[in-house]
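Coordinates in review
What follows is the residue order along each chain.
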Amino acid sequence: MPNRYGPDARHFQRDWFTVRLPDRSGKVRPLVLDDTWTTGSRAQSLAHSLKRAGASSVEVVVLGRHVNPDHAASRPLLKAIEEPVFDFSICAVER
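Described below are features of the structure shown in this document. (Residues numbered from 1 in each chain as written. Predicted model: local features only at pLDDT ≥ 70, side-chain atom pairs only at ≥ 80, totals over all residues. Heavy atoms only, no water.)

**Remarks on the overall build of the protein chain**
Just so we agree on the cut-off: To qualify as a helix, a DSSP run of H or I must reach at least 4 residues; to qualify as a strand, a run of E must reach at least 2; elements of each kind are numbered from the N terminus. Each residue is assigned to one of three classes by its accessible area relative to the maximum for its type, calculated with a 1.4 Å probe on protein chains only: buried under 20%, partly exposed between the two thresholds, exposed over 50%. Whether two residues touch is decided by their heavy atoms; if any such pair falls within 4.5 Å, the residues are in contact. Where accessible areas are quoted, they stem from the Shrake-Rupley method and a 1.4 Å probe; at the residue level, only the protein chains shown are allowed to cover.
Per the secondary structure count, the protein chain includes two helices and two strands. Ordered by position from N to C terminus, the α and β elements of the protein chain give β-α-β-α. Out of the 95 residues in the protein chain, the part that is buried amounts to 20%. At a minimum sequence separation of 6, the contacts of the protein chain that also span at least 24 residues come to 69%. A total of about 7800 Å² of accessible surface is found on the protein chain, and carbon and sulfur atoms cover 53% of it.

Rendered as structure tokens:
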């Protein structure tokens, strides 16, 4: 099936990928390596197709994350990480 989703597609598509797995139902556990993570739509779409094809679980590892500070959608992410979330001087158990 030809890919009808272009490089700018940013939403989950249940038919984005066509997957055929070996006949080992329930024993296939693929690891997906992604080189960038913007919306997660491709990884989610691929994981969906793998599960429909019989994978018992799917793991995704993202090897890189590039944030463009001039991109409007990136601003909330950058704002959220301005303040450190974790303080090594405070014990999480005693907090």
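We are not done yet, so read on.
**Quick word on the pattern of salt bridges**
Filter applied, for reference: A carboxyl oxygen of Asp or Glu within 4 Å of a side-chain nitrogen of Lys or Arg is what we treat as a salt bridge.
A complete count under the given rule lists one salt bridge for this structure. One salt bridge in this structure joins E82 and K79, with 3.4 Å as the shortest N-O distance. Comparing E82 with K79, the two get one shared label, exposed.

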